[in-house]
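Observations on chain architecture
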Amino acid sequence: MAEPELPYARPHWDAEEAAALMTTLESGFWTNGGQVLRFEEELGRLTGAPTVTVSSGTSAVFALLHALGRSVSGPKLLVSPALNFAAAPASAKLLGWDVALCDVIADDLTVCPASLAELLDRVHLDYARIVVLPVHYAGHSADMAALSALCERYGADLVEDACHAIGGTYDGTLPVGSWLTSVAAYFSFHPTKPVAAGEGGAVSTTDPALLRELRALRNHNMSPVDAHTGDHDPWPYSIPAPGLNLRLSEFNAAVGAVQAGRAEESRLERARLAARYHERLDGLPFVRAVPGQRRAGSAHHLFPVVFDVEGLGMSKKDLLDTFFSRRIRCQVHYTPLHRLPAFADIGPRLTTSFTTVDTAFPGLVSLPLWRGMTDDDCDRVADAVAGIVHGSTHARGRA
Ligand SMILES: *Cc1c(COP(=O)(O)O)cnc(C)c1O
């Protein structure tokens, strides 16, 4: 019998999610109901800060950048690591912001403070508002202390892309989402993420005005107060500024709330699998785990590794095909932004050298990691990695 196919991620659910969905169906409240409130409460516990839900991680960063740029008359800039998903830089561009890209650190592929410093030093006087966007890549926190110091020096604001890091901590104790000098952190509940809701996103912030603004914005900026009379009548409403529908449905929230309640259980299981990968892979030639050492508090969303494709004489396609021939479906996080046509027009003034990301990318592959994977599944993947690094004739010649 063929071995089961191993995806790189898979949502984990049981009867509790099914019951929550049925309850929501039967309640007749399919939007704007109690499930969203319940989910937001659970998320507040996980992030350590008040948290508002929206329809996706992309909606979250779009709403945030809109809110942060709305009253700024001068030019605005978003600074992202080049190794990031397109959601934030695309939102920035659609809102008329400039986008700058900098390099990452080799060990954990989070934003490189030195590269960021070089960029901010060059351009900080050109902009009325600068948002620096660390990505907690794979669930491991970026170097928030170093980034905070830089943002303070150059008058920039910190917004964390925590889409990989729900339920994680910065240092083993402080929950991701509650960093003191960040304006906000945002999350995604896409089915591959550690807390899955089908679709969904959230922003955590300790700024009450920003929280109010996001709550209004996700609901068309509709206010129950009649603009002319000031009355709180049941039907009249006012819309003081254009808003959107960025609401999360009650179905997504019902699933998300159950998942959020189990986030730590699920994180510990992924941490155990990640430790098993480390045991099997550490010391192998031509491949390294990202980061090289296990990290306390990581959300363990992904288990990326970097193969030495030159040493192995293999392309990324060869690597992915080899895994696939063993019914293992890896994934790549991400095509660096400067290699995408959508961001290819970012000029030299708003970019740094990309030596680290360009060196890692050709061999960068995310191995399967999800709650419910067995030790045997994990060993099957590790065997495939060992087969690749020991099997290549090119590699044998050089090892
Ligand atoms: C998943 C993800 C997003 C987008 O979230 P959606 O919910 O899919 O819109 C943005 N940034 C990063 C780093 C992500 O992993």
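In what follows, the accompanying structure is described. (Residues numbered from 1 in each chain as written. Predicted model: local features only at pLDDT ≥ 70, side-chain atom pairs only at ≥ 80, totals over all residues. Heavy atoms only, no water.)

Turning our attention to the site of the ligand. Lining the immediate surroundings of the ligand are 13 residues, of which Gly 57, Thr 58, His 164, Ser 188 and Lys 193 lie closest. The separation between an oxygen atom of the ligand and a polar side-chain atom of Thr 58 is 2.5 Å. In this structure, Lys 193 approaches the ligand through a side-chain N or O atom, which is 2.9 Å from an oxygen atom. The class makeup of the residues in the shell around the ligand is four nonpolar, seven polar and two charged. (Near = heavy atom within 4 Å. Polar contact = N/O pair within 3.5 Å; in protein donor to acceptor, adjacent residues only side chain to side chain. Nonpolar A, V, L, I, M, F, W, Y, C, P; charged D, E, K, R; others polar.)

All right, on to the packing of helix H3 (residues 57–69) against helix H7 (residues 208–217) then. Two elements in contact, H3 and H7, have axes whose closest approach is 10 Å; the angle formed by their N-to-C orientations is 120°. Judged by the inter-axis angle, H3 sits oblique to H7. The two elements H3 and H7 meet at a crossing, and its hand is right-handed. Residues Ala 63, Leu 64, His 66 and Ala 67 of H3 lie in contact with H7, whose contacting residues are Leu 210, Glu 213, Leu 214 and Leu 217. Here the contact of H3 with H7 is composed, by residue class, of six nonpolar, one polar and one charged. (Axes fitted to C-alpha atoms, helices over the stretch in contact; angles between N-to-C directions. Helix = DSSP H or I, 4+ residues; strand = E, 2+ residues; numbered from the N terminus. Parallel < 35°, antiparallel > 145°, perpendicular 65-115°, else oblique. Left-handed = near helix turned anticlockwise from the far one by under 90°. Contact = heavy atoms within 4.5 Å.)

This structure, assessed with the given rule, holds zero disulfides. Of the cysteine sulfurs around Cys 163, a residue in no disulfide, the closest is that of Cys 102, at 18 Å. Cys 163 gets classed as buried once you look at its relative accessible area, which sits at 8%. (Disulfide = S-S within 2.5 Å. Buried < 20%, exposed > 50% of the residue type's maximum accessible area, 1.4 Å probe, protein only.)

Here the focus is the nonpolar core. Ranked by internal contacts, the top residues of the largest apolar core, which has 90 residues, are Phe 39, Val 79, Val 132, Tyr 186 and Phe 189. With seven residues, the single largest contributor to this core is H3. Among the domains, domain 1 (15–263) and domain 2 (264–398) are the pair contributing at least three residues each to this core. If you look at the next biggest cluster of nonpolar residues, it comprises 32 residues, including Phe 286, Leu 369, Val 381 and Ala 386. (Core = buried A, V, L, I, M, F, W, Y, C linked by side-chain atoms within 4.5 Å. Domains from an automatic or database assignment.)

Time to look at the sheet that holds strand E8 (residues 287–289). Reading across from one edge, E8-E9-E10 is the order of the three strands in this open sheet, with antiparallel pairing throughout. Because the sheet does not close on itself, it has two edges, and the strands there are E8 and strand E10 (364–367). The average undirected angle you get between the axes of adjacent strands in this sheet is 30°. Helix H11 (residues 316–325) rests against strand E9 (303–307) and E10 of the sheet, and its axis sits at about 20° to E10. Packed onto the sheet, helix H13 (residues 375–391) meets E8, E9 and E10 and runs at close to 10° relative to E9. (Pairing = 2+ DSSP bridges.)

On to the sheet that holds strand E3 (residues 98–102). Taken in spatial order, the seven strands make up an open sheet running E1-E7-E6-E5-E4-E2-E3, and their pairing is mixed. Edge positions in the sheet fall to strand E1 (51–54) and E3, since each has one partner strand and no second. Taking each pair of neighbouring strands and ignoring which way they run, the sheet shows an average axis angle of 25°. Note that strand E6 (residues 182–188) and strand E7 (residues 201–204) share four bridges and pair antiparallel. Residue pairing in the sheet places Tyr 186 in a bridge with Val 203 of E7. Across the sheet, helix H2 (residues 34–47) touches E1, E6 and E7, and the angle it forms with E1 is around 130°.

Counting through the fold element by element, Glu 17 comes out in helix H1 (residues 15–27). By relative accessible area, which is 2% here, Glu 17 ends up buried. At a separation of 2.6 Å, a polar atom in the side chain of Glu 17 contacts the side chain of Arg 262. Setting aside its immediate chain neighbours within four residues, Glu 17 contacts His 12, Val 255, Val 258, Gln 259 and Arg 262.

The values are spatial; any link to function lies outside them.
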